[in-house]
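Residue-level listing of the chains:
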Amino acid sequence: MSFAPPKETWSGKTFEITIGNGAKAVKIGGENVFSFHGFEGNYPNRPVIAYEVQDIPPDDWPQMVKDVYAGVSADPVTWAKHCVEKLGAKAIALRLAGTHPDKGDISADQAAETVKKVSSAVDVPLIILGSNHAEKDSVVLVKAAEAAKGTNALLGKAQEANYKTIVAAALANDLKLIAMSELDINLSKQLNILITQMGFDKERLVTDPMSSALSYGLEYTYSVMERIKLAALAQNDAVLQGPMLADVGMYVWKVKETQALEADLPQWGNLKDRGVAWEAVTTTSLLVAGTNLAIMRHPDAVAAVEKFIAEMEG
Amino acid sequence: MALTGVEIFKLLPKTNCKKCGQPTCLAFAMKLAQRQASIDQCPDVSEEAKQKLGEASAPPIRPITLGTGARAVKIGEETVLFRHEKKFVNPCAISVKISDNLSQADAGKVIAGIMESEIDRVGQKLRVDAAFLSNDSGDASKLAALASLVASKAPELPVIISTTSPDAAEAALKPFAGKNAVLYGANKDNLEAMAQKAKDAKAALAIAASSLDEAAELTEKAKAIVPDLIMDSGARKAGEMLRDNTYVRRAAIKKGFKPLGYPVINFVGRGDSMLETVVAVLSVTKYASIIVLDHLEKWQSLALFSLRQNIYTDPQVPMQVQQNIYKVGDPGPKAPFLITTNFSLTYFIVSGEVENSKVPCRLAVLDSEGLSVLTAWAAGKFTASKIAQFIKESGIEAEIENKELIIPGYVAILSGAIEDKLEGWKITVGPREANGLPAFLKSRA
Ligand code: SF4
């Protein structure tokens, strides 16, 4: 009995987006099949992993991740250069965490200075993130965008509560933009429509359907991503054809599984590997679900995910 | 593929004798087509018709049970490609390889590790499901010795016996006769002999093919001897497993292609246990029914069990947490006491941030029909009277010294009304966003 492989090809395809300039610019998206399905269609760009760097020292990260960046994390420029030069980062996600009113309330001007310094210190593409405080972000990201003009960075995140000023800033400074909604394909669609109605090109937009950690709602992110990819490919829904972002590290490194000591929970095994596995497994499953760009923290977890990507291709 | 009522009717005796409880054979055929009746209800149906009907009405991916008794696990029977369409049916079985090159003592350690792997997660008991006994030595007596060691130390544990030698298979299967073992390693050279050994031991047979084409050929030949089949397409790299697992699932479910309508086994063993873990992610998410690991690390099991639990949950169940007062850390009688809604993501995020603060707290979760704070408030599900009633009825007053309740910043407007309804309580307005909780809680500590 001869078997004909049931290939599935789709009419829709996702937009290919370039972030950064020059030799180290990265491309994401552009596929007309599900993640890693190059065996039946076009899957031109492997997913990209960006290292997360903050404008302030990572005091609220677990010790095992802080330790990895001890000696470099006091200064965002040193930290970013370390990720690029020592760890081989293909992109840097600069989170302006210190601008949050509860974490120092650093001014927008000062944050813009940090963006300038970091972007001129590294040659890889930059993802510029606010502190996830809707009001403050709408001020901070405007200044940050001005500071990043001409870098073709990816700016985010625009949310329903604050998208207007952020979209305008991305438009004015020629940046790519992340639109984030909370775990609902319809909310993602609605926000993307609002953003494109402001004249922002949908081919410059990255969708973040909101991440979650393994065991803490991962299945919701997983399925929303699969549904968005299906809408992009099977229904040719242009509003949902942007590449997808998974901002993984910030969700993973605060759950109990990445913090509890083995002495307290011996049946969970050693903390170091458990923490790394938590971030690597969360990211890997979201890559399978459709993520094109992931933001991570621990170099060992990034290394495991990179090896996985290589095995998927090879 | 399922038969239509008319196709089924052609197979029935057409006597309209009514013994099946239906007025006519045609009516009975229609019931069968809708799966509202069983063919056994017609006493006069021919054996041949029964077989044809059985084949046609079988699920697209054959269900197979590994082991017997309390540790038995069912695999297969899947009906969809994406979990948002419908709940994935039977969680993949996770198995760990034990080589027959190991000393009895070392093998004993792996067996003990498997038996102790059980972890309680959100009310479910999760564990390594099976042992994969591998005839790496090529020596039949070593495999048999390993098999009897497993049978004596862990008689309840489902096993997969891996060998390409029918004689070695026979000896190793002996202790597991009638216990729903799996025999892995039937290829184009040994198929019939292996199938016979599996049949004799009432075991399932796992095909070791080198392509999907070959797998389809081998299952067609083997099924006459042993109907319970499992397939390995030969894929080893993660990308190949994704391709083959996807083709199998589509062929079985969308095309009704019977020769591939069996559960799939994936081998994810890697020298590097972290890489092995992420490769296993592919198998858990994309359609493996049995996963064979080389390592047995506690952190690895925890991560993979958790992923399997996430992927196999029912997507239709509303995202809700049970109404209750949850403890985060070990809160004393003066610990902060917060309230939020029962939308499970709200709960995950709030409890995660509380945990992050390292300040032990009590967290009241009010049943707001799965809505987040703002939506619940707008919909009248998170109101002063509901909150007050919940707090009073919870009996929490007896447990704590500070009658102070911290409410989400978004519903600051409720604080006066709650104070009116909860006599003797102080209502404090917390941060609007959960990520403000660590700073808020630390500043009070
Ligand atoms: S029992 Fe069988 S033969 Fe009799 S009416 Fe029903 S289907 Fe027909």
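Reading guide: rules and limits
Residues numbered from 1 in each chain as written. Chains lettered and ligands numbered in written order. Predicted model: local features only at pLDDT ≥ 70, side-chain atom pairs only at ≥ 80, totals over all residues. Heavy atoms only, no water. Helix = DSSP H or I, 4+ residues; strand = E, 2+ residues; numbered from the N terminus. Rg over C-alpha atoms; globule rule 2.2 N^0.38 Å. Buried < 20%, exposed > 50% of the residue type's maximum accessible area, 1.4 Å probe, protein only. Areas by Shrake-Rupley, 256 points an atom, 1.4 Å probe, with all protein chains shown as cover. Lys, Arg positive; Asp, Glu negative; His and termini not counted. Charge placed at Lys NZ, Arg CZ, Asp CG, Glu CD. Contact = heavy atoms within 4.5 Å. Buried area = accessible area lost by both parts, 1.4 Å probe. Salt bridge = Lys/Arg side-chain N within 4 Å of Asp/Glu carboxyl O. Polar contact = N/O pair within 3.5 Å; in protein donor to acceptor, adjacent residues only side chain to side chain. Nonpolar A, V, L, I, M, F, W, Y, C, P; charged D, E, K, R; others polar. Axes fitted to C-alpha atoms, helices over the stretch in contact; angles between N-to-C directions. Parallel < 35°, antiparallel > 145°, perpendicular 65-115°, else oblique. Left-handed = near helix turned anticlockwise from the far one by under 90°. Domains from an automatic or database assignment. Phe/Tyr/Trp six-rings, centres within 6.5 Å; stacked < 30°, edge-to-face > 60°.

1. Some words on the overall build of chain A
Step number 1: The helix and strand tally for chain A stands at 10 helices and 10 strands.
Step number 2: For 314 residues, the compact-globule formula gives about 20 Å, and the C-alpha radius of gyration of chain A, at 19 Å, lands near that figure.
Step number 3: Dimensions of chain A, computed from C-alpha atoms along their principal axes, come out at roughly 65 × 55 × 35 Å.
Step number 4: Looking at the 314 residues of chain A, the share that counts as buried comes to 64%.
Step number 5: As displayed, chain A offers around 10,600 Å² of accessible surface, 49% of which is attributable to carbon and sulfur atoms.
Step number 6: Looking at chain A, you have 30 positive and 39 negative side-chain charges, and the mean spots of the two groups are 4 Å apart.

2. Observations concerning the interface of chain B and chain A
Step number 1: Opposite the 58 residues of chain B that make contact, chain A presents 58 residues.
Step number 2: With both chains or domains summed, chain B and chain A bury close to 5,200 Å², and 65% of this area falls on carbon and sulfur atoms.
Step number 3: The largest per-residue losses of area from chain B upon contact with chain A belong to B:Tyr247, B:Arg250 and B:Trp299, which jointly make up 12% of the total buried on that side.
Step number 4: Remark: the boundary between chain B and chain A carries seven salt bridges.
Step number 5: Linking chain B with chain A are 19 residue pairs in polar contact (both at pLDDT 80 or more).
Step number 6: For the side of chain B that touches chain A, the elements supplying multiple residues, two or more each, are strand E4 (119-121), helix H8 (212-222), helix H9 (238-254), helix H10 (273-285), helix H11 (298-311) and helix H12 (344-357) of chain B.
Step number 7: Considering only residue class, the side of chain B that touches chain A consists of 26 nonpolar, 13 polar and 19 charged.

3. Focus on the packing of helix H2 (residues 76-85) of chain A against helix H3 (residues 108-121) of chain A
When two helices pack together, you describe them by how their axes are tilted relative to each other and by the distance separating the axes.
All names here are of chain A.
Step number 1: Closest axis-to-axis distance for the H2/H3 pair is 9 Å, and the angle between their directions is 30°. The angle between H2 and H3 places the two elements in the roughly parallel class. Two packed elements cross with a definite hand, and for H2 against H3 that hand is right-handed. Seen from H2, the contacting residues are Pro76, Val77, Ala80 and Lys81; seen from H3, they are Thr114, Lys117, Val118 and Ala121.
Step number 2: Its residues placed into classes, the contact of H2 with H3 shows five nonpolar, one polar and two charged.

4. A short note on the domain arrangement of chain B
Step number 1: Annotation of chain B at the domain level lists domain 1 (5-57), domain 2 (64-311) and domain 3 (324-444).
Step number 2: On a C-alpha basis, the centres of domain 1 of chain B and domain 2 of chain B stand 36 Å from each other.

5. Observations concerning the packing of aromatic side chains
Residue and element names in this part refer to chain B.
Step number 1: The final tally for this structure, using the stated rule, is 17 aromatic pairs over all chains.
Step number 2: Residues Phe132 and Tyr184 carry aromatic rings whose centres are separated by 5.8 Å and whose planes lie at 55° to one another, so their mutual orientation is tilted. Here Phe132 is found in strand E6 (residues 130-134), whereas its partner Tyr184 is found in strand E8 (residues 182-186), with 52 residues between them in sequence. For the pair Phe132 and Tyr184, a shared accessibility class is recorded, and that class is buried.
Step number 3: On the numbers, 6.0 Å between centres and 50° between planes, the contact of Phe337 with Trp425 is tilted. Of this pair, Phe337 sits in strand E14 (residues 337-341) while Trp425 sits in the loop between helix H15 (415-421) and strand E17 (426-429), and the two are 88 residues apart along the sequence.

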